[in-house]
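Observations on chain architecture
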Amino acid sequence: MTNTMDERIKKIETAAQYIESRLDGRKPVAAIILGSGLGQLAEIIEDRITIPYAEIPCFPVSTVIGHKGNFICGYLGGKCVIAMQGRFHYYEGYDMATLTLPVRVMSKLGVKVLMVSNAAGALNPDYKVGDTVIIRDHINFMPNPLIGPNMEDFGPRFPDMTCPYDLELQEKALEIAAGMGIKLDKGVYFGGTGPTYETPAEVRFFRAIGADLVGMSTVPEVIVARHCGLRVFGMSVVTNVANTENVERNFNDGEDVVQQANAATQRMIPLFTKLVESL
Ligand code: HPA
């Protein structure tokens, strides 16, 4: 067991040292995981240094052909950030240690904040396609990424989870959104393994246990970020409304959904930028 642990730490340190060697002495203060909702944010990061995952020793490589896999370090809202363009999902077949390794690596680089975005289905009947929702809590239905020998150098065996999403960052995001005339909800994100979407019976179940949003990402990274002591901010773009009845087809498919999601991205980019600026 101890050997396994040593191997994990060796990988994290090797990857972190390599990335650091490519950063020209830059010290990123925040990490950003660019989910489906926020991919275009990468383009407005200034003075970018791009590091493909494939060049990083001990780093996982994306299985999805044509999928971007880069770290981008540069300036956003005047702050040095490191962004992940392309994330790893459990449903792709990565084990939890591998898929959360990037978070530990970014923590090793010295970031203090993790900002994550994702696309999610709406369970809350008040949500509409294109809504942007602050994640205020989550329900984890994936294997816990901290199972196994604890990495004492990073955090405790039994991390507290009463406040996984930073309250101050949520408050700031609401203020910024209000200033921009954007409506923002706060919701509970249900993290499942995928890759199947939910059956109507599952949708009713997840709603009943208090979830507002459902998706297949984010929760493992957030758990590991909290283990590392990072402050976390998360946001979802509602790309579809989950069905509660067995209908013939998914009425959420189509151009409209893509358009609404894109419009949401256009609102999220300035919001994330201002939030980073306020750090
Ligand atoms: N379910 C799970 N994951 C998702 C969904 C959904 O409806 N929409 C986007 N990601």
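Below, the structure is looked at part by part. (Residues numbered from 1 in each chain as written. Predicted model: local features only at pLDDT ≥ 70, side-chain atom pairs only at ≥ 80, totals over all residues. Heavy atoms only, no water.)

**Remarks on the layout of surface pockets**
Its boundaries defined by the atoms lining it, the second largest pocket holds a volume of some 300 Å³. Breaking the lining of the second largest pocket down by element, the ones donating at least two residues are helix H1 (2-21), helix H2 (96-108) and helix H5 (219-227). Here the lining of the second largest pocket takes six residues from H2, the largest share from any one element. In terms of residue class, the lining of the second largest pocket is built from eleven nonpolar, five polar and six charged. (1 Å grid on protein atoms, 1.4 Å probe; cavity = no way out; pocket = protein on both sides within 12 Å on 5 of 7 lines; lining within 4 Å. Points joined across faces, edges and corners; volume = space filled by probe spheres on them. Helix = DSSP H or I, 4+ residues; strand = E, 2+ residues; numbered from the N terminus. Nonpolar A, V, L, I, M, F, W, Y, C, P; charged D, E, K, R; others polar.)

**A closer look at the pattern of salt bridges**
Applying the stated rule across the entire model yields ten salt bridges. Aspartate 185 is the salt-bridge partner of lysine 183, the closest N and O atoms lying 3.1 Å from each other. Each of the salt bridges in this network shares a partner with another, and the network as a whole consists of Asp131, Lys183 and Asp185. (Salt bridge = Lys/Arg side-chain N within 4 Å of Asp/Glu carboxyl O.)

**Some remarks on the packing of aromatic side chains**
In the structure shown here, the tally under the stated rule is twelve aromatic pairs. With a centroid separation of 6.2 Å and 65° between ring planes, the pair formed by phenylalanine 141 and phenylalanine 205 is classed as edge-to-face. Of the two residues, phenylalanine 141 sits in the loop between strand S6 (132-140) and helix H3 (167-180) while phenylalanine 205 sits in helix H4 (residues 200-208), which places them 64 residues apart along the sequence. Each member of the aromatic cluster is reached from another via a ring pair, and the members are Tyr53, Phe59, Phe71, Phe88 and Tyr94. The lysine or arginine in question, arginine 104, covers the ring of phenylalanine 154, its NZ or CZ lying 4.8 Å from the ring centre. The ring of phenylalanine 154 has lysine 108 lying over it, and the distance from NZ or CZ to the ring centre is 5.4 Å. (Phe/Tyr/Trp six-rings, centres within 6.5 Å; stacked < 30°, edge-to-face > 60°. Lys NZ or Arg CZ within 6 Å of the ring centre and 35° of its normal.)

**Remarks on the site of the ligand**
By nearness alone, every residue bordering the ligand is listed as Ala119, Ala120, Gly121, Tyr197, Glu198, Val214, Gly215, Met216, Thr239 and Asn240. Contact between the ligand and alanine 119: a nitrogen atom at 3.5 Å from a main-chain N or O atom of the residue. Side-chain polar atom of asparagine 240 to a nitrogen atom of the ligand: 2.6 Å apart, as the coordinates give it. Considered on its own, the ligand offers 260 Å² of accessible surface; in the complex 92% of this is hidden by protein. Looking at the shell around the ligand, the elements that each hand over two or more residues are strand S5 (113-122), strand S8 (213-215) and strand S9 (231-241). Element by element, the count of residues in the shell around the ligand is highest for S5, at three residues. Tallied by class, residues from the shell around the ligand come to five nonpolar, four polar and one charged. (Near = heavy atom within 4 Å. Polar contact = N/O pair within 3.5 Å; in protein donor to acceptor, adjacent residues only side chain to side chain. Areas by Shrake-Rupley, 256 points an atom, 1.4 Å probe, with all protein chains shown as cover.)

In short, geometric facts, not functional conclusions.
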